[in-house]
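Now for the letters of each chain:
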Amino acid sequence: MNPKPLIGMMLGWPVRQDLMRACSLAASHYGADFYFFQTRDIKEDTIIGMRLEDNQWLEKEFRYPDVIYDNTRRRGNPLFKEAYRKLEHVPMGHTLRSRSMGKTKVYNMIRGDEELKKHLIPFMTLREAEKGWAFIEKHKRVILKPDGGFMGRDAFTLVLKKNGTVELSDQQHLHRLDRQQTLDLLEGMIPLKYCAQKMIRSVTPHGFPFHIRVHVSKNGQNQWTVPYKSVTMSLMTQVKVTNSDFTYRGTSTWKDFLEHQFGEDEGGPTDESLKEYGLKLAAFLEKKIDGEFHEVGLDLGVDSKGKFWLFEAGLGLPRSPYYQMQASLPAIAYTLYVLKRHRGELDEDGQPMKEEQE
Amino acid sequence: MNRKPLIGMMLGWKIPPDLPRACAVAAAYHGADFYYFRMSGIKENTIIGMKLENDEWVSGEFPYPDAIYDYTRRRGIALFAEAYRKLEGIPMGHTIKGRSMNKSKVYRIIQRNEQLSQSLIPYMTVKDSDSLMAFIERHEKVIFKTNGGYLGKNALTVELKNDVIELFDQQYLHRFSREDLPRLTEMLKAKKYFAQKMIHSVTPQGHPFHVRVHLSKNGQNRWTVAFHSIGLSLTPHVRVTNSESTYRGTSTWGDFLRNQFGEKEDGPLHLRIDDYALRMANYLEEASGGGFQEVALDLGLDDRKRIWLFEAGIGLPGTSYYQLQMALPAIAYTLYVLKKQRGEIE
């Protein structure tokens, strides 16, 4: 009997254990052994990691794994250089360089596709304060965020009032600025690589700002799938950025959300078009981008007319506090696919060869 | 090599596929084979069920399983009698009769425990205006429900404000003076209302909430807290969380603790809740004779962090978000029950 493949899940910092537990269980389901480890615990020939035994995490010394599910994704970052060097010969599903796909870059790529670009939000990289002001005048409601930033951190929202003043929210406080003060602010943001985006008022009938997450993942057959869709709401109505740390975030089931927001059911028109968009976008980015990735988190908003807009397509580490099982099943299946590919165990179509029944 | 144990999950009706999938994954982790089936699929010697192969549910004909995770829990109810008869002898973790642990029975059991009964919400059957007035005066805010009332329907809330009784029927506010009370009492009595102290379990943003603590037996036959989840009523001005028109939401346990009390996971409140919940599960088992493997406690928490028990569910608790957390101990316990039957453990 062949030994079971050994999957290592690589982390760069502490993460909630629910995620690793879900991955460990997914590995059992696909017939693989599993441990997780921190990049700092990689030795020259072994790794100190954690293995789930009888639902308890036990620390042990392991051999290098056969394949890695990279949950660090900092390749090329000096801090993690040593880890990637040591594990050079172990196959991984994610080979993109760290933060190589900033928001602007992804946005500009999507601009190249007639269908996909219909859902792009008007956007500009801040290069001149005056042009930034013109953008604010044109769109009235604008969000400013750093390129490459995450979790809505350091994001500001601006609303141009009829009297020509600007109301600025930093998610905690509201400030009132005149034109000159706004220009000064924009000037200061240019070196920090901020970009401006038209603000989409994505609000539930109850007044909660929200965004939708469409999680797109490769599966064990190397195909893109959508393992889950979810909604995130800001339960504080004055906080307009749903993924900020300052708000109280909530969610509902996807089914309840579809019903309350659109009066639709799962499998209905909105649900289906979000899925199609996610699949198409992932396939498109895969073709355009040199370097591999197998998970894409699309964040979308919906305006009052029901049109959806792409806030962000994240190629980093899309995660959810609720759907670890849904995400880890295809992720681990794909990781095993990568191992088979590495070992040359795929058939002519690139599909895993069917195992003989015992 | 020993054959792997075979677990069957028994369903009485259609449910979303997430929980069976989580159970299949949990079974794989515990080294067991798994299929789920509907009662209609039980034949004399085999069962038509579904098995998860890689990512697909595949229909098949299976032998009777070695142990059953009963997700129907309707033993003793006529419609299901045939199924339980056929599967007699196969160990199951849940063995009590369907709906035998109803609300009032559980309430009465808890009343007998001095410590745990402090979390029970005071209530009274509406009989006369004097005792009702005394009850309202003692508790200031009171909710009226009908016995057997479903999902907060017809619930009324009453608040005593400067000698005026304000009654809210979820649509209109009515004012009564003390002199009106006999008339009001008669009305409530006629409709068989009972009065309950109103628990202010509301987020700073104004959303009524409850905390669900899901308790489960694990592979060592011990009660454990499988997960905490939050129920939020996101529709404004509806005071009763599970009334029909509400938009039900949730947040993570950690975000809730921080937003509500400025506390962290594993902080003092978290530990106090877990301690309470585990004591409750152990007590309920001991006092009722057991025969159940999962208990769902719905708790309210007031501004002074006092724990109030809205409901202790010993029926068929589910979850919209934490299927894996639920399945892991449930499947482990199912295997424990099998080992026990085979005499492999004490």
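Residues numbered from 1 in each chain as written. Chains lettered and ligands numbered in written order. Predicted model: local features only at pLDDT ≥ 70, side-chain atom pairs only at ≥ 80, totals over all residues.

Q: What should I look at first to understand the overall build of chain A in this one?
A: On a plain count of helices and strands, chain A comes out with eight helices and 16 strands. Against the globule reference of 21 Å for 358 residues, chain A gives a C-alpha radius of gyration of 22 Å, in line with a compact fold. When each of the 358 residues of chain A is scored for burial, the buried share is 40%. In chain A, the share of contacts with a sequence separation of at least 24, taken over all contacts with a separation of at least 6, comes to 60%. (Helix = DSSP H or I, 4+ residues; strand = E, 2+ residues; numbered from the N terminus. Rg over C-alpha atoms; globule rule 2.2 N^0.38 Å. Buried ≥ 20, exposed ≤ 12 C-beta atoms within 10 Å, placed from the backbone. Contact = placed C-beta atoms within 7 Å.)

Q: Just to check I follow, could you spell out the sheet that holds strand β15 (residues 294-301) of chain B for this structure?
A: Adjacent strands of a sheet pair through backbone hydrogen bonds, lying either parallel or antiparallel. All names here are of chain B. The strand order across the open sheet built from five strands is β14-β13-β12-β15-β16, with neighbouring strands paired in antiparallel fashion. Each having just a single partner strand, β14 (248-249) and β16 (307-313) make up the two edges of the open sheet. In this sheet, β15 lies alongside strand β12 (residues 209-217) in antiparallel orientation, the contact comprising six bridges. Following the sheet pairing, S216 is matched in β15 by E294. (Pairing = 2+ DSSP bridges.)

Q: Help me out: how do you make sense of the packing of helix α4 (residues 129-139) of chain A against helix α5 (residues 179-189) of chain A in this one?
A: Residues and elements named next belong to chain A. Interhelical geometry of α4 versus α5 gives an angle of 120° and a closest axis separation of 9 Å. Comparing their axes, α5 and α4 come out oblique. As for the relative orientation of α4 and α5, their crossing is right-handed in sense. In this structure, α4 uses A129, G132 and W133 to contact α5, whose residues at the interface are T182, L183, L186 and E187. Taken together, the residues that form the contact of α4 with α5 break down as four nonpolar, two polar and one charged. (Axes fitted to C-alpha atoms, helices over the stretch in contact; angles between N-to-C directions. Parallel < 35°, antiparallel > 145°, perpendicular 65-115°, else oblique. Left-handed = near helix turned anticlockwise from the far one by under 90°. Nonpolar A, V, L, I, M, F, W, Y, C, P; charged D, E, K, R; others polar.)

Q: Mind showing me how you'd approach the pairing of strand β10 (residues 173-176) of chain B here?
A: Walk down a regular strand and you will see the side chains alternate between the two sheet faces. Residue and element names in this part refer to chain B. The pairing of strand β9 (residues 164-168) with β10 spans four bridges and is antiparallel. By the bridge assignment for β10, I165 is matched with F176. Counting the residues between successive antiparallel strands, the hairpin from β9 to β10 contains four residues, one of them, Q170, with a positive phi of roughly 75°.

Q: What am I meant to see in the domain arrangement of chain B here?
A: Accessible area lost upon the coming together of the parts serves often as the stated size of an interface. Taken domain by domain, chain B consists of domain 1 (6-94), domain 2 (103-119 + 201-314) and domain 3 (123-197). A straight line from the C-alpha centre of domain 1 of chain B to that of domain 3 of chain B covers 46 Å. (Domains from an automatic or database assignment.)

Q: Quick question: what am I supposed to make of the interface of chain B and chain A here?
A: In this assembly, 27 residues from chain B lie in contact with 26 residues from chain A. Among the elements that line the side of chain B that touches chain A, the one with the most residues is helix α1 (residues 18-29) of chain B, at five residues. Per-class residue counts for the side of chain B that touches chain A are 12 nonpolar, 12 polar and three charged.

Q: It is not clear to me how the pairing of strand β4 (residues 56-63) of chain A should be interpreted in this structure. Could you clarify?
A: All names here are of chain A. Little of β4 is tucked away: zero of the eight residues are buried. In the sheet, strand β3 (residues 46-53) pairs with β4 via eight bridges, with the strands oriented antiparallel. Along β4, the bridge assignment pairs I48 with E61. Between β3 and β4, which pair antiparallel one after the other, the connecting turn spans two residues, and D54 there sits at a positive phi close to 55°.

Q: Where do I start with the packing of α1 of chain B against helix α8 (residues 323-341) of chain B in this structure?
A: For any two helices packed against each other, one specifies the crossing angle of their axes together with the interaxial distance. All names here are of chain B. The N-to-C vectors of α1 and α8 enclose an angle of 50°; their axes lie 8 Å apart at closest approach. When the interaxial angle is binned, α1 and α8 end up oblique. α8 is crossed by α1, and the crossing has right-handed handedness. Two secondary-structure elements touch here, α1 through D18, L19, A22, C23, V25, A26 and A27 and α8 through Q323, L324, M326, A327, L328 and I331. The class makeup of the residues in the contact of α1 with α8 is 11 nonpolar, one polar and one charged.

Q: Before we go on, may I ask you to explain the nonpolar core in this structure?
A: The nonpolar side chains of a soluble globular protein tend to be buried, and buried together. Within the largest apolar cluster, 114 residues are counted, with the highest numbers of intra-cluster contacts made by I332 of chain A together with C23 and I331 of chain B. A per-element tally of this core places α8 of chain B first, with 12 residues. Summarising the domain contributions, this core has at least three residues from each of domain 1 (6-94) and domain 2 (103-119 + 201-314) of chain B. Leaving out residues up to four positions away in the same chain, I332 of chain A has contacts with I7, C23, A26, A27, Y30 and Y69 of chain A. (Core = buried A, V, L, I, M, F, W, Y, C linked by C-beta atoms within 7 Å.)

Q: How should I be thinking about the environment of R85 of chain A in this particular structure?
A: All names here are of chain A. You can see R85 is positioned in helix α2 (residues 81-86). For R85, a count of 9 C-beta atoms within 10 Å puts it in the exposed group. Considering only alpha carbons, one finds R85 and R99, 14 residues apart in sequence, at a separation of 18 Å.

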